[in-house]
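Summary of structural features
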Amino acid sequence: MNKTTTQDIMAEKTSLWIFGYGSLVWKPDFKFKMSEVGYIQGYKRRFWHGDNFHRGNKDMPGRVVTLVEDKDACTWGVAYEVNGSEIEECLKYLNMREAVLGGYITRAVEFFPREECHLPHLALVYIATCDNPIYLGPASPEEIAAQIAICRGKTGHNIEYLLRLVEFMRSYCPEVEDEHLFAIEAATLSLMPYLLGSKQAMSAFASA
Ligand SMILES: N[C@@H](CCC(=O)N[C@@H](CS)C(=O)NCC(=O)O)C(=O)O
(Lines give C-alpha, C1' and ligand atoms only; values in the text may rest on other atoms or scores of the structure.)
Protein backbone atom coordinates (compact mmCIF):
# COMPACT_ATOMS: atom_id res chain seq x y z
CA MET A 1 0.00 0.00 0.00
CA ASN A 2 1.45 3.41 -0.90
CA LYS A 3 2.42 5.45 2.16
CA THR A 4 -0.20 8.20 2.55
CA THR A 5 1.37 11.63 2.57
CA THR A 6 0.21 14.89 4.09
CA GLN A 7 -0.28 16.08 0.51
CA ASP A 8 -2.84 13.31 0.02
CA ILE A 9 -4.76 14.61 3.00
CA MET A 10 -4.47 18.17 1.82
CA ALA A 11 -5.92 17.13 -1.53
CA GLU A 12 -9.33 16.72 0.14
CA LYS A 13 -10.37 20.38 0.11
CA THR A 14 -13.79 19.78 1.74
CA SER A 15 -12.35 19.28 5.23
CA LEU A 16 -9.18 18.35 7.07
CA TRP A 17 -8.89 16.13 10.13
CA ILE A 18 -6.29 16.91 12.80
CA PHE A 19 -5.44 14.23 15.42
CA GLY A 20 -4.41 15.51 18.87
CA TYR A 21 -2.87 13.38 21.61
CA GLY A 22 -1.22 15.96 23.92
CA SER A 23 -2.19 19.57 24.58
CA LEU A 24 -4.42 19.47 21.50
CA VAL A 25 -6.85 17.18 23.34
CA TRP A 26 -7.70 19.94 25.83
CA LYS A 27 -6.72 23.09 23.94
CA PRO A 28 -7.10 22.87 20.15
CA ASP A 29 -7.45 26.70 19.90
CA PHE A 30 -8.48 26.50 16.24
CA LYS A 31 -11.98 26.47 14.69
CA PHE A 32 -13.36 23.00 13.93
CA LYS A 33 -16.69 21.58 12.74
CA MET A 34 -16.74 18.50 14.93
CA SER A 35 -14.49 16.35 17.11
CA GLU A 36 -14.46 12.70 18.06
CA VAL A 37 -12.53 10.56 20.52
CA GLY A 38 -10.63 7.66 19.02
CA TYR A 39 -7.20 6.23 18.38
CA ILE A 40 -4.41 5.70 15.89
CA GLN A 41 -2.50 2.44 15.48
CA GLY A 42 1.24 1.81 15.30
CA TYR A 43 2.31 4.55 17.71
CA LYS A 44 2.73 4.90 21.50
CA ARG A 45 2.55 8.22 23.36
CA ARG A 46 5.66 9.10 25.33
CA PHE A 47 6.84 12.09 27.37
CA TRP A 48 10.09 12.03 25.42
CA HIS A 49 10.01 15.45 23.76
CA GLY A 50 11.55 18.60 25.26
CA ASP A 51 9.74 21.92 25.40
CA ASN A 52 11.76 25.12 25.87
CA PHE A 53 8.85 27.45 25.20
CA HIS A 54 5.36 26.42 26.32
CA ARG A 55 6.21 24.37 29.45
CA GLY A 56 9.91 25.01 29.92
CA ASN A 57 12.80 27.25 28.90
CA LYS A 58 16.22 26.88 27.34
CA ASP A 59 17.91 26.17 30.68
CA MET A 60 15.18 23.89 32.01
CA PRO A 61 13.22 22.32 29.12
CA GLY A 62 9.92 20.77 30.12
CA ARG A 63 8.73 17.36 28.96
CA VAL A 64 5.78 17.03 26.55
CA VAL A 65 4.43 14.13 24.57
CA THR A 66 5.28 12.83 21.16
CA LEU A 67 4.54 9.60 19.31
CA VAL A 68 7.00 6.74 18.92
CA GLU A 69 6.47 4.03 16.31
CA ASP A 70 5.41 0.69 17.82
CA LYS A 71 3.49 -1.69 15.58
CA ASP A 72 1.67 -3.25 18.54
CA ALA A 73 0.60 0.02 20.17
CA CYS A 74 -2.24 2.48 19.75
CA THR A 75 -2.69 6.00 21.08
CA TRP A 76 -5.99 7.55 22.09
CA GLY A 77 -6.83 11.21 21.56
CA VAL A 78 -9.19 13.52 19.72
CA ALA A 79 -9.68 14.09 15.99
CA TYR A 80 -10.97 17.49 14.90
CA GLU A 81 -12.67 18.10 11.53
CA VAL A 82 -11.71 21.49 10.12
CA ASN A 83 -13.91 23.05 7.43
CA GLY A 84 -12.31 23.74 4.05
CA SER A 85 -12.64 27.49 4.61
CA GLU A 86 -10.79 27.28 7.96
CA ILE A 87 -7.96 24.95 6.90
CA GLU A 88 -5.45 27.63 5.94
CA GLU A 89 -5.86 29.55 9.22
CA CYS A 90 -5.75 26.32 11.24
CA LEU A 91 -2.53 25.10 9.64
CA LYS A 92 -0.92 28.52 9.96
CA TYR A 93 -1.71 28.52 13.69
CA LEU A 94 -0.57 24.93 14.26
CA ASN A 95 2.59 25.45 12.26
CA MET A 96 3.62 28.23 14.66
CA ARG A 97 2.47 26.45 17.85
CA GLU A 98 3.61 22.93 16.98
CA ALA A 99 6.37 23.21 14.39
CA VAL A 100 8.11 26.53 14.95
CA LEU A 101 7.72 26.71 18.74
CA GLY A 102 7.37 22.99 19.45
CA GLY A 103 9.65 21.28 16.96
CA TYR A 104 6.95 18.89 15.65
CA ILE A 105 6.61 17.71 12.04
CA THR A 106 3.42 16.51 10.33
CA ARG A 107 2.56 12.94 9.35
CA ALA A 108 -0.53 11.31 7.90
CA VAL A 109 -2.23 8.64 10.01
CA GLU A 110 -5.43 6.63 9.92
CA PHE A 111 -7.81 7.60 12.73
CA PHE A 112 -10.26 5.08 14.20
CA PRO A 113 -13.28 6.71 15.90
CA ARG A 114 -14.48 5.09 19.11
CA GLU A 115 -17.99 5.15 17.63
CA GLU A 116 -17.76 2.07 15.42
CA CYS A 117 -20.56 3.43 13.22
CA HIS A 118 -18.10 6.15 12.15
CA LEU A 119 -15.65 5.00 9.50
CA PRO A 120 -11.85 5.34 9.95
CA HIS A 121 -10.36 8.26 8.06
CA LEU A 122 -7.05 10.01 7.39
CA ALA A 123 -5.81 12.69 9.78
CA LEU A 124 -2.82 14.99 10.12
CA VAL A 125 -0.74 14.49 13.27
CA TYR A 126 2.16 16.47 14.72
CA ILE A 127 5.07 14.29 15.83
CA ALA A 128 8.52 15.14 17.26
CA THR A 129 11.05 12.62 15.98
CA CYS A 130 14.32 11.59 17.65
CA ASP A 131 16.43 13.72 15.30
CA ASN A 132 14.72 16.83 16.66
CA PRO A 133 17.20 19.12 18.50
CA ILE A 134 15.00 19.33 21.62
CA TYR A 135 14.04 15.64 21.66
CA LEU A 136 14.90 14.28 25.12
CA GLY A 137 14.22 10.57 24.62
CA PRO A 138 13.48 7.76 27.07
CA ALA A 139 13.73 8.19 30.85
CA SER A 140 12.16 6.51 33.88
CA PRO A 141 8.81 7.80 35.19
CA GLU A 142 10.67 9.15 38.21
CA GLU A 143 13.19 11.06 36.08
CA ILE A 144 10.43 12.46 33.88
CA ALA A 145 8.39 13.42 36.96
CA ALA A 146 11.34 15.23 38.52
CA GLN A 147 11.65 17.34 35.37
CA ILE A 148 7.90 18.01 35.02
CA ALA A 149 7.62 18.96 38.70
CA ILE A 150 10.03 21.90 38.41
CA CYS A 151 9.53 23.19 34.85
CA ARG A 152 7.30 25.97 33.59
CA GLY A 153 7.21 28.04 30.41
CA LYS A 154 5.31 30.82 28.61
CA THR A 155 2.05 28.83 28.61
CA GLY A 156 2.21 27.51 32.17
CA HIS A 157 3.54 24.82 34.47
CA ASN A 158 4.57 21.44 33.09
CA ILE A 159 2.49 19.79 35.83
CA GLU A 160 -0.65 21.36 34.36
CA TYR A 161 0.23 19.84 30.96
CA LEU A 162 0.56 16.39 32.56
CA LEU A 163 -2.58 16.58 34.70
CA ARG A 164 -4.79 17.90 31.89
CA LEU A 165 -3.77 14.93 29.72
CA VAL A 166 -4.42 12.57 32.66
CA GLU A 167 -7.84 14.21 33.15
CA PHE A 168 -8.68 13.73 29.46
CA MET A 169 -7.74 10.03 29.50
CA ARG A 170 -9.61 9.32 32.77
CA SER A 171 -12.71 11.23 31.59
CA TYR A 172 -12.96 10.23 27.95
CA CYS A 173 -10.98 6.96 27.74
CA PRO A 174 -11.58 5.34 31.16
CA GLU A 175 -11.15 1.88 29.69
CA VAL A 176 -7.65 2.65 28.41
CA GLU A 177 -4.70 1.75 30.67
CA ASP A 178 -1.94 4.18 29.67
CA GLU A 179 0.79 2.81 31.95
CA HIS A 180 3.41 5.36 30.85
CA LEU A 181 1.12 8.33 31.53
CA PHE A 182 -0.23 7.11 34.86
CA ALA A 183 3.22 6.07 36.15
CA ILE A 184 4.45 9.62 35.49
CA GLU A 185 1.34 11.05 37.17
CA ALA A 186 1.94 8.92 40.29
CA ALA A 187 5.64 9.80 40.41
CA THR A 188 4.91 13.52 39.99
CA LEU A 189 2.21 13.60 42.67
CA SER A 190 4.56 11.76 45.07
CA LEU A 191 6.95 14.71 44.76
CA MET A 192 4.33 17.31 45.68
CA PRO A 193 4.86 17.27 49.47
CA TYR A 194 8.58 17.95 48.97
CA LEU A 195 7.92 20.63 46.40
CA LEU A 196 5.23 22.32 48.46
CA GLY A 197 7.47 22.14 51.52
CA SER A 198 4.93 22.54 54.30
CA LYS A 199 2.18 20.34 55.77
CA GLN A 200 -0.34 23.14 55.29
CA ALA A 201 0.59 23.46 51.64
CA MET A 202 0.42 19.68 51.21
CA SER A 203 -3.05 19.48 52.73
CA ALA A 204 -4.13 22.38 50.54
CA PHE A 205 -2.80 20.52 47.50
CA ALA A 206 -4.47 17.28 48.58
CA SER A 207 -7.86 18.96 48.92
CA ALA A 208 -7.57 20.87 45.63
N1 LIG B 1 1.31 17.24 18.91
C2 LIG B 1 0.77 16.73 20.15
C3 LIG B 1 1.38 17.46 21.30
C4 LIG B 1 1.05 18.90 21.18
C5 LIG B 1 1.71 19.68 22.25
O6 LIG B 1 1.59 19.34 23.42
N7 LIG B 1 2.40 20.68 21.75
C8 LIG B 1 2.97 21.67 22.65
C9 LIG B 1 4.13 22.31 21.95
S10 LIG B 1 5.63 21.80 22.65
C11 LIG B 1 1.88 22.67 22.96
O12 LIG B 1 1.16 23.07 22.08
N13 LIG B 1 1.78 23.09 24.17
C14 LIG B 1 0.75 24.05 24.53
C15 LIG B 1 0.54 23.91 26.00
O16 LIG B 1 1.45 23.35 26.62
O17 LIG B 1 -0.51 24.35 26.51
C18 LIG B 1 -0.74 16.83 20.13
O19 LIG B 1 -1.24 16.53 19.05
O20 LIG B 1 -1.43 17.15 21.10
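Residues numbered from 1 in each chain as written. Predicted model: local features only at pLDDT ≥ 70, side-chain atom pairs only at ≥ 80, totals over all residues. Heavy atoms only, no water.

Under an unreviewed UniProt entry, the name given to the protein is Gamma-glutamylcyclotransferase, and the organism recorded is Anguilla anguilla. UniProt's Sequence similarities (unreviewed entry) comment on the protein is quoted here verbatim: "Belongs to the gamma-glutamylcyclotransferase family. ChaC subfamily." On record in UniProt, under Catalytic activity (unreviewed entry), the comment for the protein is "glutathione = L-cysteinylglycine + 5-oxo-L-proline". (UniProt positions renumbered as here; feature names shortened; annotations may be inferred.)

The next point concerns the packing of aromatic side chains. Aromatic ring pairs: the centre-centre distance and the angle between the two ring planes describe each pair. In total, this model carries 10 aromatic pairs according to the counting rule given. A ring pair is formed by Phe-19 and Phe-111, whose centres lie 5.7 Å apart and whose planes are at 45 degrees; its orientation type is tilted. Placement of Phe-19 in strand S1 (residues 15-20) and of Phe-111 in strand S4 (residues 105-113) is noted, with a sequence separation of 92 residues between them. A ring pair is formed by Phe-30 and Phe-32, whose centres lie 6.2 Å apart and whose planes are at 70 degrees; its orientation type is edge-to-face. Overall, Phe-30 belongs to the buried group, its relative accessible area being 8%. Under the relative-accessibility criterion, Phe-32 is labelled partly exposed at 37%. Pairwise contacts between aromatic rings join Phe-19, Tyr-21 and Phe-111 into one cluster. In this structure, Arg-170 packs its charged tip against the face of Phe-182, placed 4.3 Å from the ring centre. (Phe/Tyr/Trp six-rings, centres within 6.5 Å; stacked < 30°, edge-to-face > 60°. Helix = DSSP H or I, 4+ residues; strand = E, 2+ residues; numbered from the N terminus. Buried < 20%, exposed > 50% of the residue type's maximum accessible area, 1.4 Å probe, protein only. Lys NZ or Arg CZ within 6 Å of the ring centre and 35° of its normal.)

We now examine the nonpolar core. Ile-18, Tyr-21, Phe-30, Phe-47, Met-169 and Leu-181 are the most contacted members of the largest nonpolar core, which has 53 residues in total. With 9 residues, strand S3 (residues 62-83) is the single largest residue contributor to this core. Excluding its chain neighbours within four sequence positions, the residues that come into contact with Met-169 are Arg-45, Trp-76, Pro-174, Val-176, Asp-178, Leu-181 and Phe-182. (Core = buried A, V, L, I, M, F, W, Y, C linked by side-chain atoms within 4.5 Å. Contact = heavy atoms within 4.5 Å.)

Before going further, it helps to examine the packing of helix H3 (residues 141-148) against helix H5 (residues 179-196). Put simply, H3 and H5 touch, their axes get as near as 8 Å, and they point 55 degrees apart. As the angle between them shows, H3 and H5 are arranged oblique. Between H3 and H5 lies a crossing of right-handed hand. Facing Pro-141, Glu-142, Ile-144, Ala-145, Ala-146 and Ile-148 of H3, the residues of H5 in contact are His-180, Ala-183, Ile-184, Ala-187, Thr-188 and Leu-191. (Axes fitted to C-alpha atoms, helices over the stretch in contact; angles between N-to-C directions. Parallel < 35°, antiparallel > 145°, perpendicular 65-115°, else oblique. Left-handed = near helix turned anticlockwise from the far one by under 90°.)

What follows concerns the site of the ligand. Every one of the 18 residues lining the ligand counts as a neighbour, but Gly-22, Lys-27, Arg-55, Arg-97 and Tyr-161 are closest to it. Between the ligand and Leu-24 there is a distance of 3.1 Å, counted from an oxygen atom to a backbone nitrogen or oxygen. Considering the ligand on its own, with 500 Å² of exposed area, one finds that the protein chains cover 100% of that surface. Those elements giving two or more residues to the shell around the ligand turn out to be S1 and helix H2 (87-100). Classifying every residue of the shell around the ligand gives 7 nonpolar, 6 polar and 5 charged. (Near = heavy atom within 4 Å. Polar contact = N/O pair within 3.5 Å; in protein donor to acceptor, adjacent residues only side chain to side chain. Areas by Shrake-Rupley, 256 points an atom, 1.4 Å probe, with all protein chains shown as cover. Nonpolar A, V, L, I, M, F, W, Y, C, P; charged D, E, K, R; others polar.)

A separate point is the packing of helix H4 (residues 158-172) against H5. Interaxial distance between H4 and H5 falls to 10 Å at its minimum, and their mutual angle equals 130 degrees. Taken together, the axes of H4 and H5 lie oblique to each other. Both H4 and H5 take part in a crossing whose hand is left-handed. Judged by residue contacts, Ile-159, Leu-162, Leu-163, Leu-165, Val-166, Met-169 and Arg-170 of H4 engage Leu-181, Phe-182, Ile-184, Glu-185, Thr-188, Leu-189 and Met-192 from H5. Among the residues forming the contact of H4 with H5, the class breakdown is 11 nonpolar, 1 polar and 2 charged.

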